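Descriptive analysis of the structure
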Amino acid sequence: MGRLPVVATLEELDEDALVNILTEPKNALTKQYFKLFEMENVTLEFRKEALRAVAKKALERKTGARGLRSILEQVLLDTMYDLPSLDNVSKVVIDESFINGESGPLLIYENPEKPLIAKERESKL
């Protein structure tokens, strides 16, 4: 038996398909990050616009589904690094402006007496 040549045509994934890849599979990237943040006793929330922004970045870079992980790592790395040193943070909300680099993540505190906004935190570093 010899090998048979096979020709297959592939279509690029669209934005909706990339968002599904981020959220639907059992080991989806967003679920992996939920677990990582859970280790710090912090809830992570991705807004729909943020997931769409990640998908748009992957399409712009022409990396498709393979680029989703690197985009999320690049965006969330500083937050994951700073999180253990921040007190009373109970939730981190990721929105479109954070993915696009226009602002920091929305940090929600358990004890809102002394909230420290992400921009204030950056100026103190």
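Scroll up a little and you will see the structure.
Scope of this entry: the structure provided in the associated data block. (Residues numbered from 1 in each chain as written. Predicted model: local features only at pLDDT ≥ 70, side-chain atom pairs only at ≥ 80, totals over all residues. Heavy atoms only, no water.)

With that out of the way, let us pick up helix H4 (residues 66–82). Side chains of residues three or four places apart in an α-helix project in the same direction, reflecting 3.6 residues per turn. Of all the bends in H4, the largest measures some 45 degrees and sits at Leu76. For H4, every residue scored as buried is listed here: Gly67, Leu68, Ile71, Leu72, Val75, Leu76, Thr79 and Asp82. (Bend = angle between axes of the 7 residues up to and from the residue. Helix = DSSP H or I, 4+ residues; strand = E, 2+ residues; numbered from the N terminus. Buried < 20%, exposed > 50% of the residue type's maximum accessible area, 1.4 Å probe, protein only.)

Read from one edge of the open sheet, three strands run E1-E2-E3, paired in mixed fashion. Each having just a single partner strand, strand E1 (43–46) and strand E3 (106–109) make up the two edges of the open sheet. Each adjacent strand pair in this sheet contributes to an overall mean axis angle of 20 degrees, direction not counted. Summarising the sheet, strand E2 (residues 89–94) and E3 pair through four bridges and their orientation is antiparallel. Of the residues in E3, the one forming a bridge with Lys91 is Ile108. Taken strand by strand, helix H2 (residues 29–38) contacts E1 and E2, and its axis lies near 150 degrees from that of E1. (Pairing = 2+ DSSP bridges. Axes fitted to C-alpha atoms, helices over the stretch in contact; angles between N-to-C directions. Contact = heavy atoms within 4.5 Å.)

As a further point, take the packing of aromatic side chains. One pass over the full model with this rule turns up one aromatic pair. With 6.0 Å between their ring centres and 55 degrees between their planes, Phe34 and Phe46 make a pair best called tilted. Here the residue Phe34 occupies a position in helix H2, and Phe46 occupies one in strand E1, the gap between them amounting to twelve residues. Take Phe34: its relative accessible area is 31%, and that puts it in the partly exposed class. (Phe/Tyr/Trp six-rings, centres within 6.5 Å; stacked < 30°, edge-to-face > 60°.)

With the rule as written, the count across this model stands at five salt bridges. Taking the shortest distance from any N to any O, the salt bridge between Asp16 and Arg52 comes out at 2.8 Å. In this pair, Asp16 is assigned in helix H1 (residues 15–23) and Arg52 in helix H3 (residues 48–61), connecting sequence segments 36 residues apart. Since its relative accessible area comes to 41%, Asp16 is described here as partly exposed. Measuring nitrogen to oxygen at the nearest pair gives 2.7 Å for the salt bridge that ties Glu45 to Lys91. Placement of the pair is Glu45 in strand E1 and Lys91 in strand E2, with a sequence separation of 46 residues. A relative accessible area of 26% places Glu45 in the partly exposed class. (Salt bridge = Lys/Arg side-chain N within 4 Å of Asp/Glu carboxyl O.)

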